[in-house]
Amino acid sequence: MKQSIALKLAQLSRRLEEINRTLSAENVTDNMDNYRKLTRESAEIGPVVELYREYEISEGDLKAAEEMAADPEMREFAEAEKSEIRAKLETLEKDLQKQLLPKDPNDDNNIFLEVRAGTGGDEAALFAGELFRMYCRYAERNRWQVEVMSQSASDLGGYREIIAKIIGRGAYSKLKFESGAHRVQRVPVTETQGRVHTSACTVAILAEVEDVSDVVLNPADLKIDTFRASGAGGQHINKTDSAIRITHLPTGTVVECQDDRSQHKNRARAMSVLAARIKDKQVREQNSKIAAERKSLVGSGDRSERIRTYNFPQGRVTDHRINLTLYKIAQIMDGDIDDVTGALAAEHQAEQLAQLAEEMQPA
């Protein structure tokens, strides 16, 4: 194990001992905020320290086996023991490196899913509807709940835009690499000569902000309009101005919500979506600065970036960021996307491990 990693692990071990001493004090619950903070920190570093202790025990076992190998009568047994322990140490070291990777604080959060039709007119809107169904089916497979927040239906079916909240532990961790441009190649239902057309949709995955107050929104920067709900989703709502449109003037971000009869609920929903968009913008700006120094293997996350192509005539789906091609388009469109999301997560982790190795290099 590299000395720099061993030092980091020893530091975490000492920190856990310090936390445990504090948590065992009689008056620890006098400050509940600090108590919760320490408990959370203990839960985060506890598994790493436990793994490190297992590594240290195995190192001791290896030393004992090496001493045993000095005895001619025990050499054969000791050599087999050494080989087994070295393999275990190698596995433990890899696991420890993964544990040391920075955690995304949003991984356990609910998400806002936004799907918008791009180039391609009615065909793009139809595909937007199919993409939305794909994510809904994936949510069902994970037993997550889907709540439509806002929708703008197309005349021939599908959506010009649809925004939904997906509620479920780990939703962001599974779907955070879905943001970007999704391209479809197929013969549209409106095509009379059988020609393959190319259309596109954009997908945005925004982590829900647990507390809207965490994002600073100056009331003076907000323009709030009320209007009468109309169209799909609004046609059965009573004839009052229950729909809400909020404009964040500094960024020009506009959020509309009209799917509920209550103006108060629509306003709360719109504010939560707005907070998520503003937070996402701040995170992307921060990430773009980091990406300028080191580009992520999983892509920049730019919404204009083409990330995936769905080719129906060939029955294939290709993710361009990791050169992954799967010939199972029917299953993927039915929500079976674990092969894609898993490969993206694995590539991201490999990039993080490479970066960790660089950072741990001695100066």
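Note that this is a predicted model, so its numbers are computed, not measured.

Reading the values: rules and limits
Residues numbered from 1 in each chain as written. Predicted model: local features only at pLDDT ≥ 70, side-chain atom pairs only at ≥ 80, totals over all residues. Heavy atoms only, no water. Salt bridge = Lys/Arg side-chain N within 4 Å of Asp/Glu carboxyl O. Helix = DSSP H or I, 4+ residues; strand = E, 2+ residues; numbered from the N terminus. Buried < 20%, exposed > 50% of the residue type's maximum accessible area, 1.4 Å probe, protein only. Pairing = 2+ DSSP bridges. Phe/Tyr/Trp six-rings, centres within 6.5 Å; stacked < 30°, edge-to-face > 60°. Lys NZ or Arg CZ within 6 Å of the ring centre and 35° of its normal. Axes fitted to C-alpha atoms, helices over the stretch in contact; angles between N-to-C directions.

**Q** For this particular structure, what's the right way to read the pattern of salt bridges?
**A** Side chains that differ in sign of charge can pair as their charged atoms come close. Evaluated as defined, the whole model comprises 26 salt bridges. Ionic pairing is found between R15 and E18, a salt bridge with its closest N-O pair at 2.9 Å. Of this pair, R15 and E18 both sit in helix α1 (residues 3-23), 3 residues apart, which is roughly one turn of that helix. Since its relative accessible area comes to 39%, E18 is described here as partly exposed.

**Q** What am I meant to see in the pairing of strand β9 (residues 306-311) here?
**A** Side-chain direction in a regular strand flips from residue to residue, so the side chains alternate between the two faces of the sheet. Of all 6 residues making up β9, 5 are buried, and the element is well covered by its neighbours. Here strand β4 (residues 180-186) pairs with β9 via 5 bridges, running parallel. Bridging from a neighbouring strand, A181 pairs with R306 of β9. Pairing of β9 with strand β10 (residues 316-319), which is carried by 4 bridges, proceeds in the antiparallel orientation. Bridge pairing in β10 places T309 opposite T318. The hairpin turn running from β9 into β10, its antiparallel successor, is 4 residues long, and G315 in that turn takes a positive phi close to 65°.

**Q** When you look at the packing of aromatic side chains in this model, what are you seeing that I'm missing?
**A** Two measures describe an aromatic ring pair: the distance that separates the ring centres and the angle between the ring planes. Applying the stated criterion across every chain, the model contains 3 aromatic pairs. Here the aromatic rings of Y138 and W144 are separated by 5.7 Å at their centres, their planes lie at 85°, and the arrangement is edge-to-face. For W144, a relative accessible area of 11% corresponds to the buried category. Over the face of the ring belonging to F312 we find R186, whose NZ or CZ atom lies 4.8 Å from the ring centre. The ring of F227 carries the charged tip of R245 above its face, separated from the ring centre by 4.4 Å.

**Q** Just checking my understanding: could you explain the sheet that holds strand β8 (residues 253-257) for this structure?
**A** Strand pairing in a sheet relies on backbone hydrogen bonds, with the paired strands running either antiparallel or parallel. Read from one edge to the other, the open sheet built from 3 strands follows the order β6-β7-β8, with strand pairing classed as antiparallel. Each edge of the sheet is formed by a strand with only one pairing partner; in this case those strands are β6 (222-227) and β8. The average angle at which neighbouring strand axes cross in this sheet is 15°, direction not considered.

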